[in-house]
Amino acid sequence: MKTILITIMLALATAMPKQVTADFILVKSSPMLQGEHIFLGKLTYRSPDYIRWEYTSPERAVWELNGTKGNLSPQVKRMVEMIAACVNGKADERNLKVDEKGNVMTITPQRRDMKRVVEKIVVIIDPKTGLAASVEIHEANGGKTSIAFSNVKVVK
């Protein structure tokens, strides 16, 4: 769940429009899993702070955050807030280091507890929309989560 919420913020925080909808394909691989696991879904964001991450396949599941209300744990919510600050140029370098080269943003955790879970996050920004076209989350255990967005609709 943490990786999904991080991805949501990365996908949206670079250009806060009034509303964004997108389809996504998430591919998860891990030394502990056999083969790749593929998930399909839809992302909805409405300003100022509503996010809906809906899996449509292989099983339906929904994560929502609406301001301070939602079905997120406090730890995950804090992680999302740190990533959002990072992408908005207000990173606390004690927690996360940000390197930007062209349309590629690499975020590296600096805290020991975060490093145990995530090695780095690589975001490719679509220059047309200013939003994430894809996100790769490299996990400390050698696993990887790749998310590609399509059918992105932005209301400014």
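Let us look at the structure shown here. (Residues numbered from 1 in each chain as written. Predicted model: local features only at pLDDT ≥ 70, side-chain atom pairs only at ≥ 80, totals over all residues. Heavy atoms only, no water.)

**A word on the pattern of salt bridges**
Applying the stated criterion across every chain, the model contains eight salt bridges. K42 serves as the salt-bridge partner of D23, at 3.1 Å between the closest nitrogen and oxygen. Residue D23 is located in strand β1 (residues 19–29), and its partner K42 is located in strand β2 (residues 37–46); the two are separated by 19 residues in the primary sequence. The closest approach of N and O atoms between R52 and E54, which form a salt bridge, is 3.5 Å. For E54, a relative accessible area of 14% translates into the label buried. One salt-bridge network, held together by shared partners, links R52, E54, R60 and E64. (Salt bridge = Lys/Arg side-chain N within 4 Å of Asp/Glu carboxyl O. Helix = DSSP H or I, 4+ residues; strand = E, 2+ residues; numbered from the N terminus. Buried < 20%, exposed > 50% of the residue type's maximum accessible area, 1.4 Å probe, protein only.)

**Digging into a nonpolar patch on the surface**
On the surface, I25, I38 and L40 cluster together into a nonpolar patch covering about 250 Å² of accessible area. Tracing the backbone through its elements, the reader meets L40 in strand β2. Taking relative accessible area as the criterion, L40 reaches 36% and is therefore assigned partly exposed. (Patch = residues over 30% accessible without salt bridge, like charges linked within 9 Å, V, L, I, M, F, W, Y side chains within 5 Å. Areas by Shrake-Rupley, 256 points an atom, 1.4 Å probe, with all protein chains shown as cover.)

**A closer look at the nonpolar core**
Ranked by internal contacts, the top residues of the largest apolar core, which has 24 residues, are F24, W53, I121, V123, V135 and F149. Elements with a contribution of two residues or more to this core: β1, β2, β3 (50–57), β6 (96–101), β7 (104–109), β8 (118–125), β9 (132–139) and β10 (144–155). Once you skip the residues sitting within four places of it in the chain, F24 turns out to touch F39, L40, G41, K42, L43, W53, E54, Y55, I147, A148 and F149. (Core = buried A, V, L, I, M, F, W, Y, C linked by side-chain atoms within 4.5 Å. Contact = heavy atoms within 4.5 Å.)

**Describing the pairing of β10**
Sheet analysis places β1 next to β10, joined by 10 bridges and oriented antiparallel. Paired with I25 across the two strands is A148, which belongs to β10. Counting the residues between successive antiparallel strands, the hairpin from β9 to β10 contains four residues, one of them, G142, with a positive phi of roughly 95 degrees. (Pairing = 2+ DSSP bridges.)

**Observations concerning the pairing of β3**
By the bridge criterion, seven bridges tie β2 to β3 in an arrangement that is antiparallel. Among the inter-strand pairings, Y45 is bridged to a residue of β3, identified as I51. Remark: three residues form the turn of the hairpin made by β2 and β3, two consecutive strands paired antiparallel. In terms of strand pairing, β3 meets strand β4 (residues 61–66) through six bridges, oriented antiparallel. The residue bridging W53 from the neighbouring strand is W63, located in β4. Hairpin connection, β3 to β4: the antiparallel pair is bridged by three residues.

**Overview of the packing of aromatic side chains**
The tally for this structure, following the rule as stated, stands at five aromatic pairs. On the numbers, 5.9 Å between centres and 80 degrees between planes, the contact of F24 with Y55 is edge-to-face. Linking F24 in strand β1 with Y55 in strand β3, this pair joins segments that are 31 residues apart in sequence. Consider the rings of W53 and F149, whose centres lie 6.4 Å apart with planes at 80 degrees: the pair is edge-to-face. Taken as a pair, W53 in strand β3 and F149 in strand β10 lie far apart in primary sequence, 96 residues in all. (Phe/Tyr/Trp six-rings, centres within 6.5 Å; stacked < 30°, edge-to-face > 60°.)

**Some details on unusual backbone geometry**
That bond from S57 to P58 is cis: its omega, 5 degrees, falls within 30 degrees of zero. With respect to the helices, strands and loops of the structure, P58 is situated in the loop between β3 and β4. Even without glycine at this site, N151 takes up a positive phi of about 50 degrees. For N151, the position within the fold is in strand β10.

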